[in-house]
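Listed here are the chains, written in short residue letters.
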Amino acid sequence: LDWHNCRTMDAGGFLPAIVTPLTGEGEIDVSSLQRLVQHMFAQGCAGIYVGGNTGEGYVLEISSRKTLAEVCVAEGVKAGKAVVVHIGHPRTSVALELAVHARDAGATAVSSMPPFVGGATFAVVEAFYKKLAAAVAPLSVVAYHIPTVTKMQMSTAELCKLLDIDGVVGFKFTDPDLYKLERTLAARPDAIFFHGMSTVQVPALLFGARGGITGGGGNIAPQWMVQLGTAVAGGDYAEAMRLQRAFNSVQETLYGPFSHKMTASFKAILVWQGVISSGKMVQDPHLTTDEIKQLRTLLAELPEISKSLTHLDAQIYPK
C-alpha cells in the first residue's frame, strides 16, 4: 500500500482493528486468525490493523504478538493488502523489539499508542516516536491519538510536531474533535489520518480523514464501513449517511449493554458468523451465560447483523 496514495476510494480506505482469536488454552488460533483476515479482505477492506486495544495487544504474551504479526503479514502479502501492526507496550524497549520484528516480518507500517502509563508529558511522547521511527526506518509509523485512554489531549501544534518526525506519516485519530483533525490536516495536508470511531466515519472523511481504523464496525460489519467510504468518495452523501445511521443504530443497541465487554461481544458475533472458533479472551471478563442470551436477543432485533449469523448453534466457549 502506498501510504501517500491511501485515499478513501482505494478499497474503501478502511482497515478493521481486528480481534485476536485464541484457542481454549489461550494461544493464537492460527486457523481462525487466517479465516478472520481473509474474511476482512473479502469484504473489500484495504488492509487490517492488528494487536491494538481491540486485539488485546497489551495483555498478549510477547511471543503471541509476534506470531500474530507474522500470520497477518503472510495473509496480507498473499492478498496484496496492508497490514499495520500495533506494537505499543508500557515498556519502550519491548515496543521497539516488537516494532523491529514487525518490520522484518514485512508489515506495511507500525503503529503505537504513546507512552501513558502513570502519565507522560508531550516531551516524553515526542521522544518515544522519534525512537520508534529511527528503529524501524524506512518503514512508516502511524502515531496514535486517543485521549480517552491516554488522558492526554494533544494540541494541533503538538500533533503537527509529531508529524514532522521523519518516518511518522500520520495518525490513528480516535477523538470526536473533528475540528482538531481538520486544523491539523490544514497545517499538514500530506499527513494520512485514519479515524478511529465507527460512529463518525462520514463526517471524519468529509473533514479530511483518508479512511478508518475501528474495532466496532471493523469486526462485525466491515462491509458497511467499506461501502460508507466508497459512497463518500463517489459523492453519494445520502447513501453514506444512510449507512452511518444504520451502523449507529446497531452501536446504540449493542454497546450500551456491552460497553464493558465490547471485545468479548465482537468475538461472540464472529463465532456466530462462522469466522472464528472461540470467544476466548486473554484476561478480560468473558460473557456470562445470561449475557450471551441477552446478546442473542439484541441481535435478533438487528436484521442487518442477524442475517449474517449462520452458526448460531456454535458454542462461544467450546469445552
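As shown above, the structure is provided for reference.
Residues numbered from 1 in each chain as written. Predicted model: local features only at pLDDT ≥ 70, side-chain atom pairs only at ≥ 80, totals over all residues. Heavy atoms only, no water.

## Considering unusual backbone geometry
- Of the consecutive residues A137 and P138, the connecting peptide bond is found in the cis state with omega at 10°.
- Locating P138 in the fold gives a position in the loop between α4 (122-136) and β4 (140-145).
- The backbone of K151 sits at a positive phi, close to 60°, despite the residue not being glycine.
- Within the fold, K151 resides in the loop between α5 (147-150) and α6 (156-163).
- Overall, the relative accessible area of 69% leaves K151 in the exposed class. (Helix = DSSP H or I, 4+ residues; strand = E, 2+ residues; numbered from the N terminus. Buried < 20%, exposed > 50% of the residue type's maximum accessible area, 1.4 Å probe, protein only.)

## Structural notes on the pairing of β4
- Summarising burial for β4: six of the six residues are buried, a large majority.
- Across the two faces of β4 the burial is the same, with S140, V142 and Y144 and V141, A143 and H145 all buried.
- Here strand β3 (residues 109-111) pairs with β4 via three bridges, running parallel. Opposite V110, over in β4, you have V141 as the bridge partner.
- Where the polypeptide runs from β3 across α4 and back to β4, its parallel neighbour, the crossover connection is right-handed.
- As defined by bridge partners, β4 adjoins strand β5 (residues 168-173) across five bridges and the pair is classed as parallel. Within β5, the residue paired with V141 across the bridge is V168. (Pairing = 2+ DSSP bridges. Right-handed = clockwise from strand over helix to strand, strands pointing away.)

## A word on a nonpolar patch on the surface
- Residues L206, F207 and Y237 make up a contiguous nonpolar surface patch of roughly 310 Å² in combined accessible area.
- Exposure remark for Y237: the relative accessible area of 44% places this residue in the partly exposed category. (Patch = residues over 30% accessible without salt bridge, like charges linked within 9 Å, V, L, I, M, F, W, Y side chains within 5 Å. Areas by Shrake-Rupley, 256 points an atom, 1.4 Å probe, with all protein chains shown as cover. Salt bridge = Lys/Arg side-chain N within 4 Å of Asp/Glu carboxyl O.)

## Structural notes on the packing of aromatic side chains
- Under the criterion given, the structure shown has seven aromatic pairs.
- Where Y49 meets Y144, the ring centres are 6.5 Å apart and the plane angle is 90°; that geometry is what we call edge-to-face. Of this pair, Y49 sits in strand β1 (residues 47-50) while Y144 sits in strand β4, and the two are 95 residues apart along the sequence. Grouping residues by exposure puts Y49 and Y144 together as buried.
- With a centroid separation of 5.4 Å and 45° between ring planes, the pair formed by F171 and F193 is classed as tilted. With F171 in strand β5 and F193 in strand β6 (residues 192-195), this pair connects stretches of sequence that are 22 residues apart. Exposure class is identical for F171 and F193. Each is buried. (Phe/Tyr/Trp six-rings, centres within 6.5 Å; stacked < 30°, edge-to-face > 60°.)

## Regarding the packing of helix α12 (residues 262-272) against helix α13 (residues 289-300)
- Contact geometry of α12 with α13 gives a least axis separation of 11 Å together with a crossing angle of 65°. By the angle between their directions, the pair α12 and α13 is classed as roughly perpendicular. As for the relative orientation of α12 and α13, their crossing is right-handed in sense. Residues S265, A268, I269 and W272 of α12 pack against I292, L295, R296 and L299 of α13. (Axes fitted to C-alpha atoms, helices over the stretch in contact; angles between N-to-C directions. Parallel < 35°, antiparallel > 145°, perpendicular 65-115°, else oblique. Left-handed = near helix turned anticlockwise from the far one by under 90°. Contact = heavy atoms within 4.5 Å.)

## Side note on α4
- Relative to the 21 Å expected for 15 residues at 1.5 Å per residue, α4 spans 21 Å between its end C-alpha atoms, a close match to the ideal helical length.
- Along α4, the residues that are buried comprise F122, V125, E126, F128, Y129, L132, A133 and V136. Down the axis of α4, the buried side of the element spans an arc of 160°, and every buried residue falls inside it. Residues of α4 that are exposed and angled more than 90 degrees away from the buried face: A123 and A134. (Expected span 1.5 Å × (residues − 1). Arc of directions from axis to C-beta.)

## Some remarks on the pairing of β5
- Among the six residues that make up β5, six are buried, leaving the element largely enclosed by the rest of the structure.
- Summarising the sheet, β5 and β6 pair through four bridges and their orientation is parallel. Across the sheet, F173 pairs through a bridge with H195, a residue of β6.
- Chirality of the crossover, the property in question, places the unit of β5, helix α7 (residues 178-187) and β6 among those that are right-handed.

## Topic: the side chain of Q273
- Its location among the elements puts Q273 in the loop between α12 and α13.
- Filtering out sequence-adjacent residues up to four positions away, Q273 remains in contact with N219, I220, S308, L309, T310 and H311.

## Remarks on the environment of V83
- Among the secondary structure elements, V83 is positioned in strand β2 (residues 82-86).
- Here V83 falls in the buried class, since its relative accessible area comes to 2%.
- Taking the C-alpha atoms as reference points, V83 and P138, separated by 55 residues in sequence, lie 16 Å from one another.
- Leave out the neighbours within four places in its chain, and V83 touches I48, V50, C72, V73, G76, A107, T108 and A109.

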